[in-house]
Amino acid sequence: MSTFVPPKHDFPLLVNREPIVYLDNAATTQKPEVVINALVGYYAQNNANVHRGVHQISDEATGMFEDARKTVANFLNASTPDQILFTRGTTESLNLVAYTYAPLVLNDKRTVLITEMEHHSNFVPWQLICECMGAKLLAVKVNSDGTLNLDHFRELLRSQRVAIVSITHVSNVLGTINPVREIIDLAHENDAKVVIDGAQAAAHLNINVQDLDCDFYAFSSHKMYGPTGFGVLYGRAELLHEMGPWQGGGEMIKHVSLEKTTFQDPPHKFEAGTPDISGAVGLAAAIEYLAQQQSQGLDEYERHLLSYATESLLEIDGLRVIGTASEKSGALSFLVDGTHPHDLGTLLNEQQVAVRTGHHCAIPLMEALGIPGTVRASFGLYNLKKDVDRLYEALKTAIRILRK
């Protein structure tokens, strides 16, 4: 049993808004005081544009920005900081790969593989680029327990000329932890590159891109206790050099003339314009904070809390968990017989329990499972067993009202 103690007092919103129970962490996490202080400190003491200035404040801001890149590289165990691109979030990271790498390898004879469990941000960009390139987009089936059908994945690899496999590390709906190392190995054996959507994994799993051997890995700051509007794309160095720029503007160029523009090397080639400097500083603070919690037994605690929540809710008559994979993280989706998810969410809110309801930006998954949506409780490092108990009691009250 973990001795980890959730540091709820570190999160001003949770203290200021008591007695609200916040269980919508898969959508966004709350921010600890150290992250808020890092943002305020940057703007109060170090605000300047980066890379282009010769004065002291610009040098300081540049140092903080590039130190943040090193912190992210260390977090992912990337070989070098130059493999770390800063973006506005997982969505932009995935679009960047779709629009700068995919055109190098797609044509009317090639296929992109995704899965039925993908978030729309790992579905729609591939749909759009496949339409542009005349390529096929196919989805690996999901089993009834919320695991991937790996036999179907192998069949598609055998029967198609797959150029790219893009898959979520952890499902935002089901909490399923996908066997991404096995998937990457199978894809590479078939000469396909692999993109991993790590939006739901970054706050909960130890990520090592060298051990995974993935080609791209994307995640968002705001889902791991950092600022909103900031994200990361890791890319294999040789692929980043092959890819053309994502946007044009300042910072990403070496020289501009009427006849020709030459571009910086990665990562700067992909970071046009003034970046979100404070976002990088805030993410670095969040990573350092998260590492501190992990050193105190966070991983084991989160596994136990999810197990406790699952066992508790299954005691409710008519409640059905959606996604029962043996390897799960962070999220617990469910339905209750005779109720609609939106109605349950509304009544939970009236009892000051915040959850998410609906399709969770995963309509293809809902259609594959034959359900309209779910109620999703998702957990962060500040959640307690008593939060689960509040959810349990609030659900019983809501169900009693709806079944009258």
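Throughout this document, residue positions are counted from 1 along each chain, in the order its sequence is written. Only residues with pLDDT of at least 70 get local features here, since the model is predicted, and only at 80 or more are side-chain atom pairs given and counted; chain-wide, interface and lining totals rely on the full set of residues. Hydrogens and water are ignored here; the side-chain numbers use all heavy atoms of the structure.

Observations regarding helix α12 (residues 298-313)
Rules: Numbering goes from the N terminus for both helices and strands, where a helix is a DSSP run of H or I of at least four residues and a strand is a run of E of at least two. Given the number of residues in a helix, its expected span is that number minus one, multiplied by 1.5 Å. Partly exposed residues are those whose accessible area sits between 20% and 50% of the maximum for their type, while under 20% is buried and over 50% is exposed, using a 1.4 Å probe and protein chains only. Here the arc refers to the directions that run from the helix axis out to each C-beta atom. The contact criterion used throughout is that any non-hydrogen atoms of two residues lie within 4.5 Å.
Here α12 contains 16 residues, and its C-alpha end-to-end distance of 22 Å stays within 8% of the 22 Å for a straight helix at 1.5 Å per residue. Taken as a whole, α12 has its buried residues at Leu 298, Asp 299, Tyr 301, Glu 302, Leu 305, Leu 306, Ala 309, Ser 312 and Leu 313. Taken end-on, α12 shows its buried residues confined to a sector of 165°, consistent with a single buried face. For α12, the exposed residues set more than 90 degrees away from the buried face come down to Arg 303 and Glu 311. Looking at the buried residues of α12, the elements they touch are α11 (277-294), β11 (319-322), β12 (331-336) and α15 (385-402).

Digging into unusual backbone geometry
The peptide bond linking Glu 18 to Pro 19 adopts the cis configuration, its omega dihedral lying at 10°. By secondary structure assignment, the location of Pro 19 is in the loop between α1 (12-16) and β1 (21-22). The backbone phi angle of Asp 213 is positive, close to 65°, even though this residue is not glycine. Residue placement: Asp 213 occurs in the loop between α9 (209-212) and β7 (216-220). Taking relative accessible area as the criterion, Asp 213 reaches 27% and is therefore assigned partly exposed. The backbone of Tyr 225 shows a phi angle near 80°, a positive value even though the residue is not glycine.

What about the sheet that holds strand β6 (residues 193-197)?
Condition: Strands are labelled as partners when DSSP assigns at least two bridges between them. Every axis corresponds to a line fitted to the C-alpha atoms, with the helix fit spanning only the stretch in contact, and the corresponding angles, defined between N-to-C directions, vary from 0 to 180 degrees.
Strand order across the open sheet formed by seven strands is β2-β8-β7-β6-β5-β3-β4, with mixed pairing between neighbours. Two strands close off the open sheet at either side, each with one partner strand: β2 (84-87) and β4 (136-140). On average, each strand axis in the sheet is inclined to that of its neighbour by 20°, with strand direction left out of account. Most of the contacts of helix α7 (residues 150-159) go to β4, to which it runs at about 155°, and overall it touches β3 (111-115), β4 and β5 (162-168).

Some remarks on the nonpolar core
Within soluble globular proteins, side chains that are nonpolar generally end up buried alongside one another. Definition in use: Residue types Ala, Val, Leu, Ile, Met, Phe, Trp, Tyr and Cys, when buried and joined through side-chain atoms within 4.5 Å, form a set referred to as a nonpolar core.
Within the largest apolar cluster, 104 residues are counted, with the highest numbers of intra-cluster contacts made by Leu 76, Tyr 217 and Phe 219. No other element matches α11, which puts ten residues into this core. Beyond its immediate stretch of four places on either side in the chain, Tyr 217 contacts Leu 76, His 169, Ile 196, Gly 198, Ala 201, Ile 207, Val 209, Leu 212, Val 232, Leu 233 and Tyr 234. In this structure, Leu 94, Ala 102, Leu 239 and Met 243 belong to the second largest nonpolar core, which totals 25 residues.

What about the pattern of salt bridges?
Rules: Salt bridges, as used here, are contacts in which a Lys or Arg side-chain nitrogen is within 4 Å of a carboxyl oxygen on Asp or Glu.
This structure, assessed with the given rule, holds 13 salt bridges. Residues Asp 24 and Arg 356 are paired through a salt bridge, measuring 2.7 Å at the closest nitrogen-oxygen approach. One end of the pair, Asp 24, is in the loop between β1 and α2 (33-46); the other, Arg 356, is in strand β14 (residues 356-358), and 332 residues separate them in sequence. Overall, Arg 356 belongs to the partly exposed group, its relative accessible area being 36%. One salt bridge connects Asp 67 with Lys 70, and the closest N-O pair in it is separated by 3.9 Å. Residue Asp 67 and its partner Lys 70 are both found in helix α3 (residues 56-76); the two are separated by three residues, about one turn of the helix. The class of Asp 67 is partly exposed, set by a relative accessible area of 43%. When salt bridges that share partners are traced, they join Asp 24, Arg 356 and Arg 376 into one network.

Topic: the side chain of Asn 172
Rule in force here: The definition of a polar contact used here is a pair of N or O atoms within 3.5 Å, where within protein one atom must be able to donate a hydrogen and the other to accept one, and adjacent residues in sequence count solely through side-chain atom pairs.
Following the sequence through the fold, Asn 172 ends up in the loop between β5 and α8 (180-189). Here the side chain of Asn 172 touches His 360 through a polar contact of 2.9 Å, landing on its backbone oxygen. When residues no more than four places from it in sequence are discounted, the contact partners of Asn 172 are Ala 26, Met 117, His 119, Gln 200, Ala 331, His 360 and Arg 376.

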